[in-house]
Amino acid sequence: MKDESMSSQTIEIAAIFNHGIQVFETIEKFNHWASKPNMALEGKRPIDVINTSTDLKKVNALLTRIEEGVYT
């Protein structure tokens, strides 16, 4: 069961990276954004908070907001 959970989380993380690259257009720009503290994540870096399903959803929602032009 643990392997299935880890596989699912790995797929979700890959989807976040794909979404981020789509939003920022390059992996370099996405990595830059993901490595900086973010107020919407209580000052945490997106790369540091993708260890749970809930946090993955928060980062994905934040990427969607950026994609739609909502930065606050």
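Description of the structure in this document. Treat the numbers as computed from the prediction; the structure is a model and nothing was measured.

The rules behind the values
- Residues numbered from 1 in each chain as written.
- Predicted model: local features only at pLDDT ≥ 70, side-chain atom pairs only at ≥ 80, totals over all residues.
- Heavy atoms only, no water.
- Helix = DSSP H or I, 4+ residues; strand = E, 2+ residues; numbered from the N terminus.
- Polar contact = N/O pair within 3.5 Å; in protein donor to acceptor, adjacent residues only side chain to side chain.
- Contact = heavy atoms within 4.5 Å.
- Phe/Tyr/Trp six-rings, centres within 6.5 Å; stacked < 30°, edge-to-face > 60°.
- Buried < 20%, exposed > 50% of the residue type's maximum accessible area, 1.4 Å probe, protein only.
- Expected span 1.5 Å × (residues − 1).
- Arc of directions from axis to C-beta.

On to the side chain of asparagine 38, then. Summarising the element assignment, asparagine 38 is placed in the loop between helix 2 (27–34) and helix 3 (53–67). A polar atom in the side chain of asparagine 38 sits 2.8 Å from the backbone nitrogen of alanine 40. Ignoring sequence-local partners within four residues, the contact set of asparagine 38 consists of Trp33, Gly43, Lys44, Pro46 and Leu62.

Once that is clear, we can look at the packing of aromatic side chains. If you walk through the whole model with that rule in mind, you get four aromatic pairs. Look at phenylalanine 17 and phenylalanine 30: their rings are 5.2 Å apart centre to centre, the planes differ by 80°, and that puts the pair in the edge-to-face class. Of this pair, phenylalanine 17 sits in helix 1 (residues 2–24) while phenylalanine 30 sits in helix 2, placing them 13 residues apart in sequence. Phenylalanine 17 sits in the partly exposed class, given a relative accessible area of 23%.

Here the focus is helix 3. A rise of 1.5 Å per residue sets the reference length of helix 3, with its 15 residues, at 21 Å; its end C-alpha atoms lie 21 Å apart and thus fit the reference within 8%. Among the residues making up helix 3, those that are buried are Asp55, Leu56, Val59, Leu62, Leu63 and Ile66. Each buried residue of helix 3 sits inside an arc of 125° when the element is viewed along its axis, so together they form one side. Within helix 3, the exposed residues directed more than 90 degrees away from the buried face are Thr54 and Lys57. Just downstream of helix 3, glycine 69 is the residue with a positive phi angle, here 85°.

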